[in-house]
Amino acid sequence: MRLVFAGTPEFAREALAALHAAGHEIALVLTQPDRPAGRGMKLQASPVKQWALDHGVPVAQPRSLRLDGKYPEDAAAARETLLAARAECMVVAAYGLILPQWVLDMPPRGCLNIHASILPRWRGAAPIHRAIEAGDPETGITIMQMDAGLDTGDMLLVRALPIAPDATTATLHDALAALGGQCIVQALAAPDALVRTPQPAEGITYAHKIEKAEAALDWTLDAQVLARRIRAFDPFPGMTVPLTHHGASETLKLWSAVAEPLAQPAAPGTVVQADASGVRVACGQGQLCLTEMQRPGGKRLNAADFLRGCPLQAGQRLKAD
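Residues numbered from 1 in each chain as written. Predicted model: local features only at pLDDT ≥ 70, side-chain atom pairs only at ≥ 80, totals over all residues. Heavy atoms only, no water.

Draft legend 1. Expanded view of the overall build of the chain. Looking only at helices and strands, the chain features 8 helices and 17 strands. With the principal axes as the frame, the chain shows a C-alpha extent of 65 × 45 × 35 Å. Within the chain, the proportion of its 321 residues that are buried is 47%. A separation threshold of at least 6 residues defines the contact pool for the chain, and within that pool the share at least 24 residues apart is 64%. (Helix = DSSP H or I, 4+ residues; strand = E, 2+ residues; numbered from the N terminus. Buried < 20%, exposed > 50% of the residue type's maximum accessible area, 1.4 Å probe, protein only. Contact = heavy atoms within 4.5 Å.)

Given below as structure tokens:
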């Protein structure tokens, strides 16, 4: 099939590569404009753009697709480019721009979206993070016929994936990206056999975008909640906690932790025990055993290596002065 592909991050690149490997013709790639990244803040192409350049596929990077929006010249140019592509279908995965109705109506087979959850649970921007944070036992991929709503279109294909007890957003992302590629290839192998199923009216939840402000750890919460949040915020933004060490304040990042029962009552944020097996800190309910941490400018370290450079003592408080 002749396709237009719209996507930006690594999750989308996996699907694009799978479609290409399955023999589909990628007539055009739409992706977000290059963004500054890294220490030098140089403009960097998205993973999808990098793939397209490597494979000689034309790329368009409009700032908007709304003809009546802030960048109508971008939208008008994109419209001409899409018309010239003469694609039978558009596949969308984590593109980052809202598709107006004129885009949805252009391809004869419409626009299919690869969404990283079992809809209608976790519509929106951060379905992988929110599923882990909520403690969901499973998630999955939904191939959806797009409409003008936010992830509200009819479902065409659904595949479930268990969430491992130690899953992070990084590990679950990779598994879902691979599954998303398999699902869209399966869907397009026999598009006329796909059955459109409206999403249930019950069970709708929204996966709001992850904000940096959510990274600050609150020791008064349940240890189980905090352990899930640490895994959900790996690799971004990482859970943070202030530490005063040798009279200087710094911010630690916490990357791995296990919730445990608290044997003796202690104020939330109090170090209960610190040894090579982990740094145990009292929470509102239970305790967290921190097993991987990072100091500013340093590397992620296991508890034993971390304590060699930053010894913590029982009774110490992990909080701002």
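Draft legend 2. Representation of the nonpolar core in the model. Within the largest apolar cluster, 67 residues are counted, with the highest numbers of intra-cluster contacts made by Phe5, Ile143, Trp219, Leu288 and Leu290. When residues in this core are grouped by element, the largest group, 8 residues, is from helix α6 (residues 169–189). If you look at the next biggest cluster of nonpolar residues, it comprises 24 residues, including Ala27, Leu30, Val92 and Cys111. (Core = buried A, V, L, I, M, F, W, Y, C linked by side-chain atoms within 4.5 Å.)

Draft legend 3. View of the environment of Asn302. With respect to the element layout, Asn302 can be found in strand β17 (residues 301–302). Taking the C-alpha atoms as reference points, Asn302 and Ala276, separated by 26 residues in sequence, lie 8.2 Å from one another. The contact partners of Asn302, leaving out residues within four places of it in the chain, are Thr291 and Glu292. Engagement of the side chain of Asn302 in a polar contact is seen with the backbone nitrogen of Asp305, the distance being 2.9 Å. (Polar contact = N/O pair within 3.5 Å; in protein donor to acceptor, adjacent residues only side chain to side chain.)

Draft legend 4. Fine view of the pattern of salt bridges. For the coordinates displayed, the defined rule picks out 19 salt bridges. As a salt-bridge pair, Arg300 and Asp234 come within 2.9 Å of each other at their nearest N and O atoms. Residue Arg300 is located in the loop between β16 (287–294) and β17, and its partner Asp234 is located in the loop between α7 (223–232) and β12 (239–245); the two are separated by 66 residues in the primary sequence. Taking the shortest distance from any N to any O, the salt bridge between Arg280 and Glu260 comes out at 3.0 Å. With Arg280 in strand β15 (residues 278–282) and Glu260 in strand β13 (residues 248–260), this residue pair connects regions lying 20 residues apart in the sequence. Salt bridges sharing common partners tie together Arg130, Glu133, Glu214 and Arg229. (Salt bridge = Lys/Arg side-chain N within 4 Å of Asp/Glu carboxyl O.)

Draft legend 5. How the structure looks around the packing of aromatic side chains. Applying the stated criterion across every chain yields a total of 0 aromatic pairs. Over the aromatic face of Trp102 sits the side chain of Arg79, whose NZ or CZ is 6.0 Å from the ring centroid. One cation-aromatic arrangement involves Arg300 over Trp255; the distance from NZ or CZ to the ring centre is 3.7 Å. (Phe/Tyr/Trp six-rings, centres within 6.5 Å; stacked < 30°, edge-to-face > 60°. Lys NZ or Arg CZ within 6 Å of the ring centre and 35° of its normal.)

Draft legend 6. How the structure looks around a nonpolar patch on the surface. Judged by side-chain polarity, Leu150, Ile204 and Tyr206 come together as a nonpolar surface patch covering roughly 270 Å² of accessible area. Summarising the element assignment, Leu150 is placed in the loop between β9 (138–145) and β10 (154–162). (Patch = residues over 30% accessible without salt bridge, like charges linked within 9 Å, V, L, I, M, F, W, Y side chains within 5 Å. Areas by Shrake-Rupley, 256 points an atom, 1.4 Å probe, with all protein chains shown as cover.)

Draft legend 7. Focus on the packing of helix α1 (residues 10–21) against α6. Close contact between α1 and α6 brings their axes to 8 Å; oriented N to C, the two are set at 35°. Along this stretch, α1 crosses α6, giving a crossing that reads as right-handed. Along the contact surface, α1 presents Glu10, Phe11, Glu14, Ala15, Ala18 and Leu19, while α6 presents His173, Leu176, Ala177, Ala178, Gly181, Ile184, Val185 and Leu188. Here the residues of the contact of α1 with α6 are counted per class, giving 10 nonpolar, 2 polar and 2 charged. (Axes fitted to C-alpha atoms, helices over the stretch in contact; angles between N-to-C directions. Left-handed = near helix turned anticlockwise from the far one by under 90°. Nonpolar A, V, L, I, M, F, W, Y, C, P; charged D, E, K, R; others polar.)

Draft legend 8. Spotlight on the sheet that holds strand β7 (residues 111–115). Across the sheet, which stays open at both edges, the 7 strands sit in the order β5-β2-β1-β6-β7-β9-β10 with mixed pairing between neighbours. Looking at which strands have only one partner, the edges of the open sheet turn out to be β5 (59–60) and β10. Sheet topology note: the β7/β9 ladder contains 4 bridges and is antiparallel. Residue Leu112 lies in a different strand from β9, and its bridge partner there is Gln145. (Pairing = 2+ DSSP bridges.)

Draft legend 9. Molecular detail of the environment of Gly23. Relative to the elements of secondary structure, Gly23 occurs in the loop between α1 and β2 (25–30). For the pair Gly23 and Arg2, spaced 21 residues apart in sequence, the C-alpha to C-alpha distance is 9.7 Å.

Draft legend 10. Local environment of unusual backbone geometry. Here Leu119 and Pro120 are connected by a cis peptide whose omega angle stands at 15°. Of note, Pro120 is situated in the loop between β7 and β8 (123–124). Geometrically, the link from Phe236 to Pro237 is a cis peptide bond, its omega value of -5° lying close to zero. Here Pro237 lies in the loop between α7 and β12.

Draft legend 11. Highlighting the packing of helix α5 (residues 127–134) against α6. Two elements in contact, α5 and α6, have axes separated by 10 Å at closest approach and are oriented at 125°. Between α5 and α6, the interaxial angle falls into the category oblique. Along this stretch, α5 crosses α6, giving a crossing that reads as right-handed. Along its contact with α5, which presents Ile128, His129 and Ile132, the element α6 presents Thr169, Leu172, His173 and Leu176. (Parallel < 35°, antiparallel > 145°, perpendicular 65-115°, else oblique.)

Draft legend 12. Examining the pairing of β9 more closely. By the criterion of burial, β9 is predominantly enclosed, with 7 of the 8 residues buried. Here β9 runs beside β10; their pairing, made up of 8 bridges, is antiparallel. Within the sheet, the bridge partner assigned to Ile141 lies in β10 and is Arg159.

The values are spatial; any link to function lies outside them.
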